[in-house]
Structures are given as C-alpha cells and as structure tokens.
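Reading the structure
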Amino acid sequence: MNKILLIDMDNFFSSVEELKFPNNNLPLVVAGHSNSSVISSCNAKAKKLGIRSAMPIQTALKICPNLIIVPVDIDKYINYSKKIYSILKRFTCNIESSSIDEWYLDLSKRDDFFSRSTKEIAESIKYEVYKTLNLKCSIGISYNKFLAKMACEKAKPFGIYEITKENFKESLWNIPIDDMYMVGKSTAKILKKYNINTIGDLANCNDKKELRVIIGKLFDYIYNNANGKTIDYVDSDYQRKSISSGFTIYNIVMHTPEYNDLFNYHFEKIYEILINNKFLTDSISVYVTINHVKKWKSKKLNKKTNDRDFLYNSLYDLMNSFNIKSSFDAFGLSLNNLTNEFEELDKPRLFDKDASDNIINIVNKSMNKNVINVASVKLKK
C-alpha cells in the first residue's frame, strides 16, 4: 500500500520572519509595502485576533493597531524552502513540490528505516525540521495525496495525523463540503442544492449522473476521493502548466443569464486553483463547441498576473471574439503557462523606475563616469 506524506509548513512566511524576533509575543504579519496591500501570512498570535491571510492590511490594523508588519522577502523564503527540501531528501528522493512550503513524500518503497512505522518517520521529519531551522510543520499521512492533504489539515498546527482505509470514513465524512480539498465555492454551492453538506453526503449521493453533467470531470474526482478510492502517485517531476474548466450544456446562448452564470462558475473554479496554488499566468485560452466541432482561441497576455478582474475581463473578451450569434453546445476556459508567483515577484523590471535607476547607478559607479542615462533626461536637454 502507498505511504504518502504531506509536509506543510505552519504559517511559513511569518514563522521565518519571527526568527528575527525570538522573544516576540505580539501579532506579526507579512505584507506588501503599500496601504492597499493584503496580508500574505500571519503568525498564530495574529490569527487568534481574527487576522487572516488575504485580509487588507488596513483592516488588520483596525483589529490590532500595534501589529508588527514585515515586508515580503521572497529570496529568504525560497532559501528556507530549499533548506527544508534538503532535510526531506534525507528520507526519500521521491518528493513532489506542491508549493514553496508544501511537499508530498512517497515512502512506499523504503525499507531501510529499521522497521519504523510511517508515523515514526513523520515524527523524525517534524523533529529534524524544527531542530535544524526552528520552524514548525504539520504532516498528513495516507495512501493517496488527497487523503494526505485532508489529514494534514487535521494535524495543524504542528501535529501529525494519519488517515487509513480503516478510519477514512470517521476521519472524513463529517467534514463540511466547503472544507473538502478541490471543492471551491461555486462547486460547493451546487452540491448544497442537492443536499450535499458534508463529504459523507457526497460519498453517498444518489444524483451522480446529474451532478456529473453539471460539474463535469471534477465530480468523478471528488466523488472517488470522498469514498477513499482515488489512486495517485507522487511525481517528483510534476509542475502544473495549465488550469482549465468546461463542460457540455446544449443550447447555450451568449450573454444570457444562463451563459453568464456558467461563465462565472468556470472562472471562479480555475481562479480559485490559481490563487490557492500561488500561480501566475500570462496565457489564456477558450473553446466553444458548435455542432460537435470544437474551436479554440488563445491569447498571450502582456504580463504575468493573478489579477482577478484583468483575467476575468480578458477571458470574457476572448469568448466574445468568437462572435457567435446562434446557440452552441459547450465552452471552456483555461489559464496557461503557469509559474509560481515567488519566482516572479522579486525579479527586477528594466522599465520599473526604481529598478532601472538602481541598475544605471550600479553601471555608472563601476565605470566611474556617467556612461548610461535615462532617455527622458537626454530629451529634456
């Protein structure tokens, strides 16, 4: 049987920043510089006050005026992420990086741990990360990645939880459907219309055919997960490159309330995955099916982004460009060429004024004279 672990760092960004404040008992958050920025991470003390990730910084300051606000330091977090990965490699090389602070480990084929149980190995991993870096993690254990993810949620904070074939029903079925991994707000809303309020309700539902038509391929995935049937593998080479959503509903007419509801549903589904996995995209595509013939359109965006309104409008306009006057059978939306936002945020941009000024100053200083200047300065002269 598979032995899969999910290692998830507790409050990763804020925990790394707390290392600078060893005796800190105050709430601390990591956020951008501007007043309009939102919180990227908050420590346990901030969470107890009701402060959470994605909350506007101004809202958090109203809750706690003496809040410690630390700017995002991507290079530092990537460096610590690499250190954690190095520790994990002592236990297995079969590691799938899910994000900067989350890893799946497959211990199924390891037989050199002196007959230690998977839970004992998880204890060793948790101890090694804490002893070496003074950072806490939570660990979920199970026989597939979905259950390992759900087990990890139960383990938080700084715990270990195992879901087995024997206990998965009692561990899983009472959990609200909103808290099921891969079930977003739109999907949960649909499921609740069918009186599916818990994971157990989903596992035992009687409307599978109808829900399969409405929700699409995702339904089979979440239904099998609810019944503990999914078989998957840790892929050390995995890197997701696209997110898409679409299904067939005949006689769709552009710009009707039904079309707008469907468009919003598909968009919310793919956007939630984008944000939850901290991805950026610079490429989108859409398709329509007319008389069983599928037509595609793609567009390269002018920037890497996760801006909700920009992506929504770009996809909506791209769909409009089909200029369909009659009804059609199906459509779908896709976000492509994904990259992790942590790889992009701190790249200097040549035409960003602060970054370009800095580059110019460095070059001029190294040459001991003004060999480079800004074009606008030359024009003024």
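Described in the following lines is the structure provided in the data block. (Residues numbered from 1 in each chain as written. Predicted model: local features only at pLDDT ≥ 70, side-chain atom pairs only at ≥ 80, totals over all residues. Heavy atoms only, no water.)

As for the environment of valine 29
Along the chain, valine 29 turns up in strand β2 (residues 28–31). When near neighbours in sequence (up to four residues on either side) are disregarded, valine 29 contacts Ile39, Ser41, Cys42, Ala46, Ile51, Ile57, Leu67, Ile68, Ile69 and Val70. (Helix = DSSP H or I, 4+ residues; strand = E, 2+ residues; numbered from the N terminus. Contact = heavy atoms within 4.5 Å.)

Concerning the sheet that holds strand β5 (residues 95–99)
Here we have 5 strands laid out as an open sheet, ordered β5-β6-β1-β7-β8, and mixed in their pairing. With partners counted over all chains shown, the strands left at the sheet margins are β5 and β8 (160–162), one partner each. Direction aside, the axes of adjacent strands within the sheet are offset by 15° on average. As paired elements, β5 and strand β6 (residues 102–106) share 4 bridges and run antiparallel to each other. Within β6, the residue paired with glutamate 96 across the bridge is tyrosine 104. Where helix α5 (residues 118–133) meets the sheet, its contacts fall on β1 (4–9), β6, β7 (137–142) and β8, and the angle it forms with β7 comes to roughly 165°. Of the strands in this sheet, β1, β5, β6, β7 and β8 are in contact with helix α6 (residues 145–155), which crosses β7 at around 140°. (Pairing = 2+ DSSP bridges. Axes fitted to C-alpha atoms, helices over the stretch in contact; angles between N-to-C directions.)

Section: the packing of helix α8 (residues 185–193) against helix α12 (residues 257–276)
Packed helices, taken two at a time, are described by their axes: the angle between them and the distance between them. Relative to each other, α8 and α12 sit at 125°, their axes nearing to 8 Å. Comparing the axis directions of α8 and α12 gives the class oblique. Note on element contacts: α12 touches α8 through Tyr265, Glu268, Lys269 and Glu272, opposite Lys185, Ser186, Thr187 and Ile190. When grouped by side-chain class, the residues that make up the contact of α8 with α12 number 2 nonpolar, 2 polar and 4 charged. (Parallel < 35°, antiparallel > 145°, perpendicular 65-115°, else oblique. Nonpolar A, V, L, I, M, F, W, Y, C, P; charged D, E, K, R; others polar.)

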